[in-house]
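# Notes for the structure review
These are the residues of each chain, in order.
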Amino acid sequence: MVMVLLDRILYFLGLTFEDGVFWSVLPLAIATIFIVAYFEKYKDEYPGWNTYFTNALVLLFVSINLFRFIYTIDADGAVNFIDHSAESIATVGLLCFGILVSKFNFSHLLPEKFTRYISSPLTINVIAYAVILFVYSLSGFSWIAVGSLLIIVIMLIAIFNLIKWPLNIFFRYVKKEKEKEELESIREQKYQIGELKKELSLRKKKLEKSILGEIERKKRQAIKEKKVLRGEKLRKRSR
């Protein structure tokens, strides 16, 4: 039983890298990683109702893509929804869940603390990933498949939560380095301001000395001119 379950888990994980599944799952994986990293860096920020609503819409788009896949499995078209009833039911279930969550988020029906977890990109994208694997496997319903996908979902949630730990360490390190750089920049600016003050003080002294020297020179010049004028007056009187 354990070996069968393990083989099924490995099968689903291997299915992830097949062309059809890979290009459907890749945007979900990229979005989840970036959003988890963003909110780990900016812990003081919280997503709002508009973000919850947008996250839930992902399930609608994934469901439509899965309906397209089932329809185009072979030339039977709409008959495929009957021939692959388990996959069709899973897709309908995903669509209904997406509509329901979107309705709740649009109307703000649930408390935000519950909505934050239900409509988080991690929850939404992991659920979508599990249903994508189930539909693309075309293996039909079995408890082994359900159990395997449930284990994969739990593993992914655990992995993404573990990723938060090194991200937290990294962002704290970056923050400390930025604070050090800012402190060093402030010190450098203070030093430059001090040097500028010294230079301005020296220039002020030189300017004051220059002005005083010019004033003194003009005084001496004025005294000379007065003496010359007096001498001329005395000469005129002696005549």
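Anything mentioned here points back to the structure above.
Summary of the structure given here. (Residues numbered from 1 in each chain as written. Predicted model: local features only at pLDDT ≥ 70, side-chain atom pairs only at ≥ 80, totals over all residues. Heavy atoms only, no water.)

So, on to the packing of helix 3 (residues 49-71) against helix 7 (residues 121-137). For the pair helix 3 and helix 7, interaxial distance at closest approach is 9 Å and the crossing angle is 10 degrees. Comparing the axis directions of helix 3 and helix 7 gives the class roughly parallel. Contact residues: Asn55, Ala56, Val58, Leu59, Val62, Asn65, Leu66, Arg68, Phe69 and Ile70 in helix 3; Pro121, Ile124, Asn125, Ala128, Val131, Ile132, Val135 and Tyr136 in helix 7. Class assignment of the residues belonging to the contact of helix 3 with helix 7 gives a composition of 14 nonpolar, 3 polar and 1 charged. (Axes fitted to C-alpha atoms, helices over the stretch in contact; angles between N-to-C directions. Helix = DSSP H or I, 4+ residues; strand = E, 2+ residues; numbered from the N terminus. Parallel < 35°, antiparallel > 145°, perpendicular 65-115°, else oblique. Contact = heavy atoms within 4.5 Å. Nonpolar A, V, L, I, M, F, W, Y, C, P; charged D, E, K, R; others polar.)

What follows concerns the packing of helix 1 (residues 2-15) against helix 7. Helix-helix packing: each pair is described by the crossing angle between the helix axes and the interaxial distance. Interaxial distance between helix 1 and helix 7 falls to 10 Å at its minimum, and their mutual angle equals 95 degrees. Between helix 1 and helix 7, the angle is such that the two are roughly perpendicular. Here helix 1 contributes Tyr11, Phe12, Leu13 and Leu15 to the contact with helix 7, which in turn contributes Tyr129, Leu133, Phe134, Tyr136 and Ser137. Its residues placed into classes, the contact of helix 1 with helix 7 shows 8 nonpolar, 1 polar and no charged.

Roughly 560 Å³ of internal volume is contained in the largest pocket. Of all the secondary-structure elements, those providing two or more residues to the lining of the largest pocket are helix 2 (19-41), helix 3, helix 6 (112-118), helix 7 and helix 8 (143-238). The residue inventory of the lining of the largest pocket, partitioned by class, reads 10 nonpolar, 6 polar and 5 charged. (1 Å grid on protein atoms, 1.4 Å probe; cavity = no way out; pocket = protein on both sides within 12 Å on 5 of 7 lines; lining within 4 Å. Points joined across faces, edges and corners; volume = space filled by probe spheres on them.)

Within the fold, serine 119 resides in the loop between helix 6 and helix 7. Reaching out from serine 119, the side chain makes a polar contact with the side chain of asparagine 105 at a distance of 2.8 Å. Once residues lying within four places of it in the same chain are set aside, the contact partners of serine 119 are Tyr52, Asn55, Val101, Asn105 and Ile124. (Polar contact = N/O pair within 3.5 Å; in protein donor to acceptor, adjacent residues only side chain to side chain.)

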